[in-house]
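# Breakdown of the fold
What follows is the residue order along each chain.
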There are 2 protein chains.
Amino acid sequence: MSRSQSKASDSAVASTGVIATAHDVARLAGVSQSAVSRAFTQGASISSKMRRKVLNAASELGYRPNVLARALITRRSKIVGLTMGNVENPLFPLVLDKLSTRLSEQGFRLLLFTAKINAQVDKQIEEFLRYRVDAIILLSTVMSSWLADECHKAGIPVILFNRTVKRLGGMCGVTSDNDRGGREIGRHLLEAGYKRFAFMAGYEDSSTSQMREHGFTESLKEASVPAPIRVIGDFTHAGAVRAARELLSLKKRPDAIFCANDQMACATVDVARYEFGLEPGKDVGIVGFDDIPMASWPSFSLTTYSQPIDEMAVKTVDFIAHLGKKAPHRQMVVPGKLIVRSSTR
Amino acid sequence: MSRSQSKASDSAVASTGVIATAHDVARLAGVSQSAVSRAFTQGASISSKMRRKVLNAASELGYRPNVLARALITRRSKIVGLTMGNVENPLFPLVLDKLSTRLSEQGFRLLLFTAKINAQVDKQIEEFLRYRVDAIILLSTVMSSWLADECHKAGIPVILFNRTVKRLGGMCGVTSDNDRGGREIGRHLLEAGYKRFAFMAGYEDSSTSQMREHGFTESLKEASVPAPIRVIGDFTHAGAVRAARELLSLKKRPDAIFCANDQMACATVDVARYEFGLEPGKDVGIVGFDDIPMASWPSFSLTTYSQPIDEMAVKTVDFIAHLGKKAPHRQMVVPGKLIVRSSTR
DNA sequence: CTGAAAGCGCTTACAG
DNA sequence: CTGAAAGCGCTTACAG
């Protein structure tokens, strides 16, 4: 009594930590606990009178079904695990948003781990497995093929978002058409009259970077133009600054640079303009990939290849939501779109 | 048999969906199921011989404790719910990363919902409650005071990150010293000799924006300088572009603009430079708040107030991890630091 | 230190 | 449609 008085100034309602259970609701409503469960279960056979009785008692007690307990029985946690590398890339918050929104609509929740770009996230995946997630999405992260097997054995689908691997194992991948993107960018630069080309890769073992490069190189080859000079920017701003300096310091410096993502292209624009006095578009063509919001800002005005992250998210979630219903394609590729702005002429 | 053969080309190991339980491990190891549990429980009384026996059997079966079942009994899900508004602000991925990393270290997982900036997220909070989260973090989102009460009653702490409210109810807030930040920015601009000031607010009912504005206005008042012109930029790029155009079109246009965050300040730099031909720093002083990575890029080179998100994340997680141990401050304020760059003279 | 047993809060056959 | 009962996969007193 004196305790509750001394705390009264802090808050009107004391924190009890007591949470109503289905049993409490059943007792108050004068029905069985099964009935309470049915009132909260989609499509359970229950009379509307009974449901109303239960719902009234439930709201009186502030009852909320414990989904952890439900998950134990149904063996569906409705949780999707997601690991995100490269937090620095503005594309990923957008991807996260799309995925989160669409997953919510389908009744799924997102359990998130952040990591370093391209990091091996076995530790986090193990944790997902302990939480009995219904699916796993990898964003710019990597897992061992041993663990991929474990996931497969456990019946947990793994989706590589914006990436793929040679040996998919039990996994599947969702990407935009990176090869075609690189190709269209190459053709665009050729038509614009650029002569000496460079490609700024993400990192060596990124399928995304590789395929963009492949398409680009092929388009140049078709025009009998020498292969592009090649540098590596790590998919980061800092890495791209280094790589751009290297490129622009060459005696025979390139007059067009295709960066494997917008983040690196923005850095390259800054280096060109403020360190070398070169005006993007005029003195040097700079192209990115992704079409992040920043790409359209006047400071960058980046020619780029727009990634259809909306559609990619839809495909990803549809795959997860229709688990087992239909055998999906292992590798889903969604077309993107070339966006020409003033960072190229 | 014929089925497994027809699938053989797809993967070496068939997806069985069968997951080992503590019972399976117990049987294989020839011990009780309790022993298995103890082998996986921190500080449980178990001989090392027994533990080894269990662990061997467990690894043979690929056993992973079901933390959902554990959560049911311990009443600790080790899940923290987080709602994030304003996905567009580059500060938030960083915040997410810090929180995620530190929470992981303390054995907590992040259940994430994204939302619109300043959105009311009662729906998502209800979902957190059904998942029996151990704590809730709100990032640029808002919940009804009724639900805040519900959380309090259920013993679930709610932390407002980078925000506060007048009536905290059962909640608590973690912010940087916004008032002081605004004040230091005001003094810096005065010293630099700027004369006509403007403030670009986030939105009306944001404590963050209000306190930054308050400090700013106070510092001008102390110098007997008229109150700043005031516009609203919604904390977004698009909103800031509109607001900046409005400001710079005035007959008596301001020569110094303090934007309530860096995101808006970057937009203001672009509008000033590319639409009005004004060079930031020289023709017009532009200041932000946060010190996002972009702020240091040459294109923006933003004078700003660095938010100590590292420390803020630490305080947040410490609070969550020490649940109940000690009564924390309801409102935690961490000092930041003025960073002067060339967007002001 | 170890095991048998109860129980966390639910869902779901199984009878009625 | 409804209830009693079994059970999801664990943890944790309780004896020994």
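In this numbering scheme, every chain counts its residues from 1 along its sequence in written order. In the order they appear in the text, chains get letters beginning with A and ligands get numbers beginning with 1. Side-chain atom pairs in this predicted model are given and counted only at pLDDT of 80 or more, local residue features only at pLDDT of at least 70, and totals for whole chains, interfaces and linings cover all residues. To obtain the side-chain values, all non-hydrogen atoms of the structure were used and water was disregarded.

## Looking at the interface of chain B and chain A
How big an interface is tends to be stated in terms of accessible area lost as the parts join. Test applied: Contacts between residues were defined by any pair of non-hydrogen atoms, one from each residue, lying within 4.5 Å. Note on definitions: buried area is the accessible-area loss of two parts on being combined, 1.4 Å probe, summed for both. Counted as salt bridges are all cases of a side-chain nitrogen of Lys or Arg within 4 Å of a carboxyl oxygen of Asp or Glu. The term polar contact refers here to a pair of N or O atoms within 3.5 Å; inside protein, the definition further demands a hydrogen-donor-capable atom paired with an acceptor-capable atom, and it admits residues adjacent in sequence only when both atoms are side-chain atoms. Each helix corresponds to a stretch of at least 4 residues labelled H or I by DSSP, and each strand to a stretch of at least 2 residues labelled E; elements are numbered beginning at the N terminus.
Between chain B and chain A, the contact holds 62 residues from the first and 62 residues from the second. Buried area between chain B and chain A, both sides added, is near 5,800 Å², and the carbon and sulfur share of it is 60%. Our enumeration of links across chain B and chain A arrives at 6 salt bridges. Of the charged contacts, one joins Glu150(A) and Arg64(B) as a salt bridge, the two residues approaching to 2.4 Å between their closest N and O atoms. One can count 24 residue pairs in polar contact (both at pLDDT 80 or more) joining chain B with chain A. Taken together, the elements giving at least two residues each to the side of chain B that touches chain A come down to helix H5 (67-74), strand S1 (79-84), helix H6 (91-105), strand S2 (109-114), helix H7 (122-130), helix H8 (145-153) and helix H12 (262-275) of chain B.

## Some words on the protein's contact with DNA strand D
Where we set the bar: Only heavy atoms are used to decide nearness, and a residue is near a molecule or strand if one of them lies within 4 Å of it. In the scheme used here, Gly and all other residues not listed as nonpolar or charged are polar, with Ala, Val, Leu, Ile, Met, Phe, Trp, Tyr, Cys and Pro taken as nonpolar and Asp, Glu, Lys and Arg as charged.
In the vicinity of DNA strand D, 29 residues are found, and the nearest of them are Arg38(A), Ile73(A), Gln33(B), Ser37(B) and Ile73(B). Of all atoms in DNA strand D that approach within 4 Å of the protein, 64% are sugar or phosphate atoms. Between DNA strand D and Ser34(A), the relevant distance is 2.9 Å, taken from a base nitrogen to a side-chain nitrogen or oxygen of the residue. Within the contact set of DNA strand D, a phosphate oxygen lies 2.8 Å away from a side-chain nitrogen or oxygen of Arg75(A). Listing elements by their share of the surface near DNA strand D, those giving two or more residues are helix H3 (33-39) and helix H5 (67-74) of chain A together with helix H3 (33-39) and H5 of chain B. In terms of residues, the surface near DNA strand D owes the most to one element, H5(B), which gives 5 residues. When grouped by side-chain class, the residues that make up the surface near DNA strand D number 12 nonpolar, 11 polar and 6 charged.

## Brief notes about the state of the cysteines
Residue and element names in this part refer to chain B. What counts, and what does not: Disulfides are defined as pairs of cysteine sulfur atoms found within 2.5 Å of each other. Relative accessibility under 20% of the residue-type maximum defines a buried residue, over 50% an exposed one, and the middle range a partly exposed one, all with a 1.4 Å probe and only protein chains included.
Tallied over the entire structure, the rule returns 0 disulfides over all chains. The thiol of Cys-151 is unpaired, and the distance to the nearest cysteine sulfur, on Cys-172, comes to 12 Å. For Cys-151, a relative accessible area of 0% gives the class buried. Since its relative accessible area comes to 3%, Cys-172 is described here as buried.

## Brief notes about the domain arrangement of chain A
To be explicit about the condition: Domain extents, as shown, originate in an automatic or database domain assignment.
We note that the domain assignment places domain 1 (3-65), domain 2 (74-176 + 309-335) and domain 3 (178-307) within chain A. Here domain 1 of chain A and domain 3 of chain A have C-alpha centroids that lie 59 Å from each other.

## Considerations on the sheet that holds strand S8 (residues 256-259) of chain A
All names here are of chain A. For clarity, the threshold we go by: At least two bridges found by DSSP between two strands are what make those strands a pair. Here an angle of 0 to 180 degrees is reported between the N-to-C directions of two axes, which are lines fitted to C-alpha atoms, with helices fitted over the stretch in contact.
An order of S7-S6-S8-S9 is seen for the 4 strands of this open sheet, with the pairing classed as parallel. Sheet topology places strand S7 (229-232) and strand S9 (285-287) at the edges, where each strand pairs with a single neighbour. Neighbour-to-neighbour, the strand axes of the sheet open up by a mean angle of 20°, direction not taken into account. Against the sheet, helix H9 (residues 178-191) makes contact with strand S6 (197-201), S8 and S9, and its axis sits at roughly 165° relative to S8, the strand it touches most. Against the sheet, helix H12 (residues 262-275) makes contact with S6, S8 and S9, and its axis sits at roughly 160° relative to S9, the strand it touches most.

## Focus: the relation of the copies chain B and chain A
Note: a rotation about an axis with an accompanying shift along it relates these two copies of the chain. Quick note on the threshold: Fitting of the copies onto one another was done by least squares over C-alpha atoms, counting residues only where both copies have pLDDT of at least 70.
The two copies are related by a screw operation: chain B maps onto chain A through 180° of rotation and 0.0 Å of translation along the axis, at an RMSD of 0.0 Å. Viewed as a symmetry operation, the transformation between the two copies matches a two-fold axis. Among all residues of chain B, the minimum C-alpha distance to the rotation axis is found for Leu111(B), at 2.3 Å. Interface overlap between copies is the fraction of interface residues in one copy that are interface residues in the other; for chain B against chain A it reaches 100%, indicating a shared surface.

## Some details on the pairing of strand S3 (residues 135-139) of chain A
Residue and element names in this part refer to chain A. Note the cut-off: By convention a crossover is right-handed if, when the strands point away from the viewer, the path from the first strand over the helix to the second runs clockwise.
For S3, the tally of buried residues reaches 5 of 5 residues, placing the bulk of the element in the interior. Both strand S1 (residues 79-84) and S3 contribute to a ladder of 5 bridges, which runs parallel. If you follow Met-84 over to S3, its bridge partner there is Leu-139. In the sheet, S3 pairs with strand S4 (residues 158-161) via 4 bridges, with the strands oriented parallel. Within S4, the position partnered with Ile-137 by the bridge is Ile-159. Read from S3 through helix H8 (residues 145-153) to S4, the crossover connection turns out right-handed.

## Considerations on empty space enclosed by the protein
For clarity, the threshold we go by: Buriedness of a pocket was judged along seven lines, with at least five required to meet protein on both sides within 12 Å; pockets are open sets of points on a 1 Å grid over the protein atoms alone, cavities are sets where a 1.4 Å probe fits but cannot get out, and lining residues have an atom within 4 Å of a point. Grid points are joined across faces, edges and corners, and a volume is the space filled by probe spheres set on the points.
Counting across every chain of the model gives 2 cavities of 30 Å³ or more. Forming the walls of the largest cavity are 15 residues, and the residues nearest its centre are Phe92(B), Ser140(B), Asn162(B), Thr208(B) and Phe235(B). Class assignment for the residues of the lining of the largest cavity results in 4 nonpolar, 8 polar and 3 charged. Size it by volume and the second largest cavity reaches roughly 120 Å³. Of the residues in the lining of the second largest cavity, the class split is 3 nonpolar, 7 polar and 3 charged. Three or more residues apiece are contributed to the lining of the second largest cavity by two domains, here domain 2 (74-176 + 309-335) and domain 3 (178-307) of chain A.

## With respect to the sheet that holds strand S5 (residues 172-176) of chain B
Spatially, 12 strands are ordered S11(A)-S5(A)-S4(A)-S3(A)-S1(A)-S2(A)-S2(B)-S1(B)-S3(B)-S4(B)-S5(B)-S11(B) in an open sheet, and the strand pairing comes out mixed. The outermost strands of the open sheet, each flanked by one partner alone, are strand S11 (331-334) of chain A together with strand S11 (331-334) of chain B. Between one strand axis and the next, the sheet turns by 20° as a mean value, whatever way the strands run. In the packing of helix H13 (residues 309-321) of chain A onto the sheet, the strands contacted are S1, S3, S4, strand S5 (172-176) and S11 of chain A, and the crossing angle to S4(A) comes to about 175°. Helix H13 (residues 309-321) of chain B contacts S1, strand S3 (135-139), strand S4 (158-161), S5 and S11 of chain B of the sheet and is inclined by roughly 175° relative to S4(B).

## Regarding the protein's contact with DNA strand C
Ser37(A), Ile73(A), Arg38(B), Ile73(B) and Arg75(B) are the nearest of the 29 residues found near DNA strand C. Among atoms of DNA strand C positioned within 4 Å of the protein, sugar and phosphate together represent 63%. Between DNA strand C and the protein, one listed contact pairs a base oxygen with a side-chain N or O atom of Gln33(A) at 3.4 Å. For the surface near DNA strand C, the elements supplying multiple residues, two or more each, are H3 and H5 of chain A together with H3 and H5 of chain B. At 5 residues, the largest contribution of residues to the surface near DNA strand C is made by H5(A).

## Examining the packing of helix H6 (residues 91-105) of chain A against H13(A)
Residue and element names in this part refer to chain A. Filter applied, for reference: Roughly parallel means an angle under 35 degrees; roughly antiparallel means over 145; roughly perpendicular covers 65 to 115; every other angle is labelled oblique. Handedness of a crossing is defined here by the sense of rotation of the near helix relative to the far one, left-handed for an anticlockwise turn of less than a right angle and right-handed for a clockwise turn.
Close contact between H6 and H13 brings their axes to 9 Å; oriented N to C, the two are set at 40°. Our classification of the angle between H6 and H13 gives oblique. Viewed along their axes, H6 and H13 form a crossing whose handedness is right-handed. Mapping the contact onto sequence places Leu-91, Leu-94, Val-95, Lys-98, Leu-99, Arg-102 and Leu-103 in H6 and Ile-309, Asp-310, Ala-313, Val-314, Thr-316, Val-317, Asp-318 and Ile-320 in H13. Partitioned by chemical class, the residues of the contact of H6 with H13 number 10 nonpolar, 1 polar and 4 charged.

## Section: the pairing of S1(B)
Residues and elements named next belong to chain B. Buried residues dominate S1, accounting for 6 of its 6 residues. Both faces of S1 are covered, namely the face carrying Ile-79, Gly-81 and Thr-83 and the face carrying Val-80, Leu-82 and Met-84. The sheet contact formed by S1 and S2 spans 6 bridges and is parallel. Bridge pairing links Thr-83 to Phe-113 in S2. Handedness of the crossover joining S1 and S2 through H6 is recorded here as right-handed.

## A closer look at the environment of Lys221(A)
Residue and element names in this part refer to chain A. Relative to the helices and strands, Lys-221 resides in helix H10 (residues 207-222). For Lys-221, a relative accessible area of 53% puts it in the exposed group. On a C-alpha basis, the gap between Lys-221 and Gly-186 in space is 9.8 Å, while along the polypeptide they are 35 residues apart.

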